[in-house]
Structure formats: structure tokens, C-alpha cells
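# Coordinate analysis (summary)
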Amino acid sequence: MGLPVLHDDLTEKELDAIVDKATVASGFLKAISHEGRLMILCHLVTGEKSVTELEELLSARQAAVSQQLSRLRLEGLVVPRRDGKAIYYRLADDRSRKMLECVYELFCRYED
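Quick caveat, the model's predicted, so the values are computed rather than measured. (Residues numbered from 1 in each chain as written. Predicted model: local features only at pLDDT ≥ 70, side-chain atom pairs only at ≥ 80, totals over all residues. Heavy atoms only, no water.)

## Things to note about the overall build of the chain
Of regular secondary structure, the chain possesses 5 helices and 3 strands. Beginning at the N terminus, the succession of helices and strands in the chain can be written as α-α-β-α-α-β-β-α. Split into buried and exposed, the 112 residues of the chain put 23% on the buried side. When contacts within the chain are restricted to residue pairs at least 6 apart in sequence, those whose partners lie at least 24 apart make up 49%. Element-wise, carbon and sulfur atoms account for 55% of the exposed surface of the chain, whose accessible area totals about 8200 Å². (Helix = DSSP H or I, 4+ residues; strand = E, 2+ residues; numbered from the N terminus. Buried < 20%, exposed > 50% of the residue type's maximum accessible area, 1.4 Å probe, protein only. Contact = heavy atoms within 4.5 Å. Areas by Shrake-Rupley, 256 points an atom, 1.4 Å probe, with all protein chains shown as cover.)

And the structure:
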């Protein structure tokens, strides 16, 4: 699937569909634009983690981790699961994993 080509012949329905997708993509990119949120997603690639585990992995306070998890949850990127007093998070779907692979390819795999 290639990028959409914007041209004068697009129907209103087609243009609305492109705008809707752009809105979703923009929200997604905003959600991952914070270093802490991106690192949380990177840690969750290996599997479900508790908030406490994420605090330790990120060397961050619980309030900061919870705030970032809340934003990721609102964007539909992570899913919580409660077990007693502990809350565990996992990636919501394969979209996050694919995005992280893309970011890795763009910024980590190839060095100048």
C-alpha cells in the first residue's frame, strides 16, 4: 500500500477518509513523541510489565510513569490489566510493534 496521492479529482468521501487517517496518525505521532512514552513502548515489546517494573526500568517516579501510561492508553497503544493491587500493561496490538521497528530502522540501525 502506497502513500495517498492528493489530487483535484478526489471525491469528498475519499478526502474525508484521508483526513480521518491523518488525524489518527497525528494523534499516534504525538503520543510517541515523548521520550518516556517511547521508552515505555520499547520495554513493553518484550512483554507485559507492571507499573513498578516500568518505574525501575525507566528510573522514574510512579506518578510520571502513570501519567505517560495514561496518554498511551488514551491513544489505544497499551492495555492495562489489574491483578490485585498491581496494574500490568502490554502493547494493545501489532501497530505499536511495527512503529517501533520503523523508528529503529530510521534512527538506530543505520548510523551516519
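Let us keep going from here.
## Some details on the packing of helix 2 (residues 35-44) against helix 5 (residues 94-109)
Interhelical geometry of helix 2 versus helix 5 gives an angle of 110° and a closest axis separation of 10 Å. Classified by the angle their axes make, helix 2 and helix 5 are roughly perpendicular. Within the contact between the two elements, helix 2 uses L38, L41 and C42 and helix 5 uses S96, M99 and L100. (Axes fitted to C-alpha atoms, helices over the stretch in contact; angles between N-to-C directions. Parallel < 35°, antiparallel > 145°, perpendicular 65-115°, else oblique.)

## Thoughts on the confidence of the model for the chain
Scored by pLDDT, the chain comes out at a mean of 90, with 96% of its residues at no less than 70. Confidence, read as mean pLDDT per element, is least for helix 5 in the chain (83) and greatest for strand 1 (residues 49-50) (98). (pLDDT = per-residue confidence, 0-100.)

## Quick word on the environment of A31
Secondary-structure assignment places A31 in helix 1 (residues 12-32). Excluding its chain neighbours within four sequence positions, the residues that come into contact with A31 are R37, R71, L72, E75 and L77.

## Regarding the pattern of salt bridges
Across all of its chains, the model carries 4 salt bridges by this definition. For D94, the salt bridge is made with K98, and the minimal N-O distance between the two is 3.9 Å. Here K98 and D94 lie together in helix 5, a separation of 4 residues that amounts to about one turn. Looking at K98, the relative accessible area reads 53%, which means it is exposed. Linked by salt bridges that have partners in common, D94, R97 and K98 make up one network. (Salt bridge = Lys/Arg side-chain N within 4 Å of Asp/Glu carboxyl O.)

## Considerations on unusual backbone geometry
Unlike most non-glycine residues, S59 shows phi in positive territory, near 50°. As for its position among the elements, S59 is in the loop between helix 3 (51-58) and helix 4 (62-74). In this structure S59 comes out as exposed when scored by relative accessible area, which is 70%.

## Comments concerning a nonpolar patch on the surface
Taken together, L6, L15 and V19 make up a surface patch of nonpolar side chains, about 280 Å² in accessible area. Note that L6 resides in the segment before helix 1. Relative accessible area serves as the criterion here: at 59%, L6 is assigned to the exposed category. (Patch = residues over 30% accessible without salt bridge, like charges linked within 9 Å, V, L, I, M, F, W, Y side chains within 5 Å.)

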